Amino acid sequence: MSKRLIISIDGGGIRGIIPLVVLRAIQVRIKKNLGEITNAWYGTSTGSIIAASLIVQQEKDFTVAIQNVLDLYEFRSSSSINPFGTTNPGRALNKVLEENFHNATFNQFPKLNVLTCQKPDLSVVVFNQSNPTLISEALKASCAVPGIFEAIIINNKKYVDGFLMAKNPAHYAIKNEALNEDLILLSLGTGILREKDKIEEQVRQTHLDLEALSNVKGFHYYRMNPHLVLAADDMQNTTLKNIFNLKKDTENFLKDKDGRLEELVKILSLI
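I will try to describe carefully the structure that is included in this document. (Residues numbered from 1 in each chain as written. Predicted model: local features only at pLDDT ≥ 70, side-chain atom pairs only at ≥ 80, totals over all residues. Heavy atoms only, no water.)

**Looking at unusual backbone geometry**
The step from Lys 119 to Pro 120 runs through a cis peptide bond, and the omega angle for that step is 10°. Among the structural elements, Pro 120 can be located in the loop between strand E3 (112–118) and strand E4 (123–127). In this structure, Ser 45 takes a positive phi of about 55° despite not being glycine. With respect to the helices and strands, the residue Ser 45 is situated in the loop between strand E2 (38–44) and helix H3 (46–57). Under the relative-accessibility criterion, Ser 45 is labelled buried at 9%. (Helix = DSSP H or I, 4+ residues; strand = E, 2+ residues; numbered from the N terminus. Buried < 20%, exposed > 50% of the residue type's maximum accessible area, 1.4 Å probe, protein only.)

This is how it looks when you write it as structure tokens:
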């Protein structure tokens, strides 16, 4: 059986810069196109936007694709991510999603999996090729933060932000995978926060569960999630200073994890 690479990306607003910097660091170290060797992408909230944005570009040079999304975060984040900088944040975000994804469908991009929560019980729903809708609609639903954005209606059902129950979507990413040495799970976080709440505890528990499971089942599990030291915890802090600090915290983390990163690169070379 050939190796399978699954990439999972947490939600986190402007902190989505973190997984992008990690992906860029991986891409510059491997000789293959990371987008082409990835079998499936899973994302919640901002993580789903990142995954979808990388997939739809289909760039031959995946570094270019990553930089394009970084540019989106850096130069359009104040209107698309920061809900307090506009009188109608839902309209601003929806406009960005519609401009970039138009009428794209999951049948066109079968590697994409978008997590959201269905009201009223907040059960997690994954939109993908097996449960399709327009990608732009799935992304709107995955980012519909209660109290800031209105719930998104798809097929007469209401959906809200997936971060409520699956900010770290990694468990769902391997739900239907054979758990053995041929599986590589790369889980990308959006920063370990200073303040812990129920959602952050859930994020951490998912990581601990997968770490234990990988030790038992033998699949390759990599969790890349730096502590926020310089950057703010706030998901909506789109100042240039905070964007710089998000990058700096991630770069410092990668230096500390250089051996782990090189181990991952070595395994990816076997795909």
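**A short note on the pattern of salt bridges**
Evaluated as defined, the whole model comprises eight salt bridges. The closest approach of N and O atoms between Arg 194 and Asp 233, which form a salt bridge, is 2.6 Å. Of the two residues, Arg 194 is situated in the loop between strand E7 (183–188) and helix H9 (198–217) and Asp 233 in the loop between strand E8 (220–224) and helix H10 (240–256); the sequence distance between them amounts to 39 residues. Among the residues examined, Asp 233 registers a relative accessible area of 18% and is labelled buried. For Glu 263, the salt bridge identified is with Arg 260, shortest N-O distance 2.9 Å. (Salt bridge = Lys/Arg side-chain N within 4 Å of Asp/Glu carboxyl O.)

**Some thoughts on the layout of surface pockets**
Unfilled space is identified by rolling a water-sized probe across the atoms. Taken as a whole, the largest pocket encloses approximately 550 Å³ of empty space. In terms of lining residues, the largest pocket is bounded by 23 residues, among which Ile 192, Asn 225, Pro 226, His 227 and Phe 253 are the most central. Of all the secondary-structure elements, those providing two or more residues to the lining of the largest pocket are H9, E8 and H10. Counting residues per element, the lining of the largest pocket draws most heavily on H9, at five residues. (1 Å grid on protein atoms, 1.4 Å probe; cavity = no way out; pocket = protein on both sides within 12 Å on 5 of 7 lines; lining within 4 Å. Points joined across faces, edges and corners; volume = space filled by probe spheres on them.)

**A closer look at the environment of Ser 2**
Relative to the helices and strands, Ser 2 is located in the segment before strand E1 (4–9). Placed 158 residues apart in sequence, Ser 2 and Val 160 show a C-alpha to C-alpha distance of 36 Å.

**Re helix H1 (residues 17–27)**
Here H1 lies mainly inside the structure; 10 of its 11 residues are buried. For H1, every residue scored as buried is listed here: Ile 17, Ile 18, Pro 19, Leu 20, Val 21, Val 22, Leu 23, Ala 25, Ile 26 and Gln 27.

**Comments concerning the packing of H1 against H10**
Closest axis-to-axis distance for the H1/H10 pair is 9 Å, and the angle between their directions is 45°. Taken together, the axis directions place H1 and H10 in an arrangement best described as oblique. Two packed elements cross with a definite hand, and for H1 against H10 that hand is right-handed. Across the interface between the two elements, Ile 17, Ile 18, Val 21, Val 22 and Ala 25 from H1 touch Ile 243, Leu 246, Lys 247, Thr 250, Glu 251 and Leu 254 from H10. Looking at the contact of H1 with H10 residue by residue, the class counts come to eight nonpolar, one polar and two charged. (Axes fitted to C-alpha atoms, helices over the stretch in contact; angles between N-to-C directions. Parallel < 35°, antiparallel > 145°, perpendicular 65-115°, else oblique. Left-handed = near helix turned anticlockwise from the far one by under 90°. Contact = heavy atoms within 4.5 Å. Nonpolar A, V, L, I, M, F, W, Y, C, P; charged D, E, K, R; others polar.)

**A closer look at the packing of aromatic side chains**
The final tally for this structure, using the stated rule, is two aromatic pairs. Ring centres of Trp 41 and Phe 62 lie 6.1 Å apart, and the angle between their planes is 35°; on these two criteria the pair is classed as tilted. With Trp 41 in strand E2 and Phe 62 in helix H4 (residues 62–80), this residue pair connects regions lying 21 residues apart in the sequence. Looking at Trp 41, the relative accessible area reads 1%, which means it is buried. The exposure class assigned to Phe 62 is buried, which follows from its relative accessible area of 4%. Considering the side-chain rings of Phe 127 and Tyr 159, the 5.2 Å spacing of their centres and the 70° angle between planes classify their relative orientation as edge-to-face. In this pair, Phe 127 sits in strand E4 while Tyr 159 sits in strand E6 (residues 157–161), placing the two residues 32 residues apart along the sequence. Neither residue differs from the other here; Phe 127 and Tyr 159 are each classed as buried. (Phe/Tyr/Trp six-rings, centres within 6.5 Å; stacked < 30°, edge-to-face > 60°.)

**Topic: the packing of H3 against helix H6 (residues 135–142)**
The contact between H3 and H6 brings their axes to 8 Å, and the two run at 155°. Considering their axes alone, H3 and H6 lie roughly antiparallel with respect to each other. When you trace H3 past H6, the crossing you get is left-handed. Residues Ser 48, Ile 49 and Ala 52 of H3 lie in contact with H6, whose contacting residues are Ile 135, Leu 139 and Ser 142. Classifying every residue of the contact of H3 with H6 gives four nonpolar, two polar and no charged.

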